[in-house]
Amino acid sequence: MTSTANPLAPEWLPVPDDANALARAVWPSGATRRDGELVLAGVSATDLVRQYGTPLYVVDEEDARRRAALILDAFRREFGRIGASVSVYYAGKAFLSVGVARWMAELGLNLDVCSDGEFAVALAAGFDPARIGYHGNNKSNAELEAIVDAGVGGLVLDSVYELERVAAIAAERGSRQPVRLRVNSGVHASTHEYLATAREDQKFGIPLADVPAVVAAIRAQPSLEFLGLHSHIGSQIFETGGFEEAAARLLAVQKELLEGGPVPSLNLGGGFGIAYTVADDPAPVGALAAQMAAVVEAECTRLGIPIPNMAIEPGRSIIGPAGVTLYEVGTIKDVRVEREGGAAVRRYVSVDGGMSDNPRPELYGAEYSARIASRVSAEEPVLVRVAGKHCESGDIVVNAEYLPGDIRPGDLLAVPATGAYCWSLASNYNHLGRPPVVAVRDGAARLLVRGESIADLLSRDAEAQPVSEVPA
Ligand SMILES: Cc1ncc(COP(=O)(O)O)c(C=O)c1O
Ligand SMILES: N[C@@H](CCCC[NH3+])C(=O)O
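Small disclaimer: the values here were computed from a predicted structure and weren't measured.

### Observations concerning the overall build of the protein
Along the protein, the regular secondary structure elements total 13 helices and 21 strands. The C-alpha atoms of the protein give 24 Å as radius of gyration, which agrees with the globular expectation for 472 residues (23 Å, within 12%). Here the protein holds 472 residues, and the buried ones make up 53% of them. For the protein, the share of sequence-separated contacts (at least 6 apart) that also reach a separation of at least 24 residues comes to 70%.

The following block contains the structure:
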């Protein structure tokens, strides 16, 4: 059950206590109020800001761990019923640090990386390369060599050009590289256009029709071991139909491939949607797993083929809801907006970050919510737009939110559900340093990633003088 209090009330925070509610939770499970202040896993927002400043990314470690464990349990349970094993790869692109990679390893998850940088973080965390899946539509020769040398357990082939290069690299070393083949299923996921990755006209994978020939080419290479097919239809998806359709399309091809040799596993990728605001209603992970298992079972029975072992790659649904960004409120402006039928006033509340720490509203029109973190107020809520501090009019953090009418400079503002694709998409636009990332657990905070200071940024300018020598 979630709290049934008025969601417009400034102190309101939903606190889920079951898996279904967890799917709809906008705030991490450890979020609560103490003496009016927002507290995250026992640490108050003001204490966090006193120590680390603003903007600040905060990750509720227990919440992330719980979501990872729930996904692993649900998929193992549902696919276990039909006799399939499941590997869950945490998609590091959502957010990756050495600490987070270690949480996932401890919980028994595998890791999906898609660049040499993410791979380096995984190795720095001591992640077993055999449990790493490596993606990318344009891997360099240096990356392919590092993959083969490290013994990465699953390279996801994205093109014939890559197949030929990796086969040669593995052959040179006398090793055998396990590979999956990324397939473009042609399934149009119901999500933002930029987040759909299996439309016909996009860069990832091999078209379904070409799969038999490419798999034959893989099998013809003694230096490659074929693990199976891979499909990822997109991200922030609420409807299970797309996953089911992709599974059905890949299994139909799998039947044909089985005539030429084993196809041990099927990877259906990630993409499970989360709630960014209370208007979002994503499927609970148990239901998702059950529906996917049912489709795989039904299709395999219909086609008369064995049920393959399964893999999935969730990122956002593990780390997204665990994150909260804290900002300090600065300028507040009431802007008169002329409209048909009369004028209205829009209140712009500006914070000390913006599109450099969260470009998602500008990139995808993503909606977020916000609450004052440093206090509660009995003032009537007013409709505000939360803006960043960048030189860009589209620099909006929260498009529309009700906040107490007495919101003022110096208040701390918390924006939930920022754990995924915020730090990892962050930039230094306008020479802002990327904020630090802090994990909170059991009343204690721990730095996961240091923030960047202006001195850090200036130190990269090849022609800058050391900061201490810049005239005031
Ligand atoms: C190949 C692949 N796997 C997994 C993911 C993770 O997706 P999500 O974070 O939506 O679960 C992505 C990102 O969309 C991806 O491109
Ligand atoms: N960057 C996207 C997700 C892309 C996932 C990678 N294929 C987002 O923020 O929603």
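### Considering the site of ligand 1
By nearness alone, 14 residues border ligand 1, and His232, Ser235, Glu313, Arg316 and Tyr421 come closest of all. Measuring from an oxygen atom of ligand 1, one finds a side-chain N or O atom of Ser235 at 2.4 Å. Residue Gly315 places a main-chain N or O atom 2.9 Å away from an oxygen atom belonging to ligand 1. About the coverage of ligand 1: the protein hides 93% of its 400 Å² of free accessible area.

### Digging into helix H10 (residues 285–303)
The first and last C-alpha atoms of H10 sit 27 Å apart over 19 residues, in line with the 27 Å expected at 1.5 Å per residue. All of the buried residues along H10 are Val285, Leu288, Ala289, Met292, Ala293, Val295, Val296, Glu299, Cys300 and Leu303. With its buried residues spanning 160 degrees around the axis, H10 presents them on a single face. Across from the buried face of H10, at angles greater than 90 degrees, the exposed residues are Thr301 and Arg302. Considering only its buried residues, H10 is in contact with helix H3 (61–81), helix H9 (241–258) and strand E13 (309–312).

### As for the sheet that holds strand E1 (residues 31–34)
Taken together, the three strands give an open sheet; going across it, the order is E1-E2-E3, and neighbouring strands pair in antiparallel fashion. Each end of this open sheet is capped by a strand with a single partner; those strands are E1 and strand E3 (43–44). Pairing analysis gives four bridges linking E1 to strand E2 (residues 37–40), with the strands arranged antiparallel. Each residue of the ladder has a partner; that of Ala31, found in E2, is Leu40.

### Here's the deal with the side chain of Thr240
By secondary structure assignment, the location of Thr240 is in the loop between strand E11 (224–230) and H9. Judged by its relative accessible area of 14%, Thr240 is buried. Reaching out from Thr240, the side chain makes a polar contact with the side chain of Gln291 at a distance of 2.6 Å. If near-sequence neighbours (up to four positions away) are discounted, Thr240 is found in contact with Leu288 and Gln291.

### Things to note about the packing of aromatic side chains
Scanning the model with the defined rule gives six aromatic pairs in all. Centre to centre, the rings of Phe95 and Trp423 are 5.3 Å apart; their planes meet at 85 degrees, and the pair counts as edge-to-face. Taken together, the residues Phe95 in the loop between strand E5 (86–91) and helix H4 (98–107) and Trp423 in the loop between strand E19 (412–416) and strand E20 (437–441) connect sequence positions 328 residues apart. Looking at Phe95, the relative accessible area reads 1%, which means it is buried. The exposure class of Trp423 is partly exposed, given its relative accessible area of 25%. Centre to centre, the rings of Phe243 and Phe272 are 5.3 Å apart; their planes meet at 75 degrees, and the pair counts as edge-to-face. Of this pair, Phe243 sits in helix H9 while Phe272 sits in the loop between strand E12 (265–267) and H10, and the two are 29 residues apart along the sequence. Each member of the pair, Phe243 as well as Phe272, carries the same accessibility label: buried. By way of ring pairs, the aromatic residues Phe75, Phe79, Phe243 and Phe272 are connected into one cluster.

### Structural notes on the confidence of the model for the protein
Of the residues in the protein, 94% have a pLDDT of 70 or more, and the chain-wide mean is 93. Scoring of the predicted complex yields 0.95 for pTM and 0.98 for ipTM.

### Considering the UniProt feature "binding site: pyridoxal 5'-phosphate" (unreviewed entry) in the protein
Here, UniProt's "binding site: pyridoxal 5'-phosphate" (unreviewed entry) annotation points to Gly271, Glu313, Pro314, Gly315, Arg316 and Tyr421. Note on placement: Pro314 falls in the loop between E13 and helix H11 (316–319). Residue classification places Pro314 among the buried positions, given a relative accessible area of 0%. Ignoring sequence-local partners within four residues, the contact set of Pro314 consists of Ile71, Val88, Tyr89, Tyr90, Ala91, Gly270 and Phe272. Those residues in contact with Tyr421, other than ones at most four positions away along the chain, are Lys93, Ala94, Ser235, Arg316 and Arg360.

### Some points on the nonpolar core
In terms of nonpolar packing, the biggest core is built from 109 residues, with Phe75, Phe79, Tyr90, Leu181, Leu229 and Ile319 touching the most fellow members. Broken down by element, this core gets its largest block of residues, nine residues, from H10. Filtering out sequence-adjacent residues up to four positions away, Phe75 remains in contact with Gly80, Val86, Phe272, Val285, Ala289, Met292 and Ile312. Formed by 21 residues, the second largest nonpolar core is a distinct cluster that contains Val26, Trp27, Ala31 and Ala45.

Procedures and definitions
Residues numbered from 1 in each chain as written. Chains lettered and ligands numbered in written order. Predicted model: local features only at pLDDT ≥ 70, side-chain atom pairs only at ≥ 80, totals over all residues. Heavy atoms only, no water. Helix = DSSP H or I, 4+ residues; strand = E, 2+ residues; numbered from the N terminus. Rg over C-alpha atoms; globule rule 2.2 N^0.38 Å. Buried < 20%, exposed > 50% of the residue type's maximum accessible area, 1.4 Å probe, protein only. Contact = heavy atoms within 4.5 Å. Near = heavy atom within 4 Å. Polar contact = N/O pair within 3.5 Å; in protein donor to acceptor, adjacent residues only side chain to side chain. Areas by Shrake-Rupley, 256 points an atom, 1.4 Å probe, with all protein chains shown as cover. Expected span 1.5 Å × (residues − 1). Arc of directions from axis to C-beta. Pairing = 2+ DSSP bridges. Phe/Tyr/Trp six-rings, centres within 6.5 Å; stacked < 30°, edge-to-face > 60°. pLDDT = per-residue confidence, 0-100. UniProt positions renumbered as here; feature names shortened; annotations may be inferred. Core = buried A, V, L, I, M, F, W, Y, C linked by side-chain atoms within 4.5 Å.

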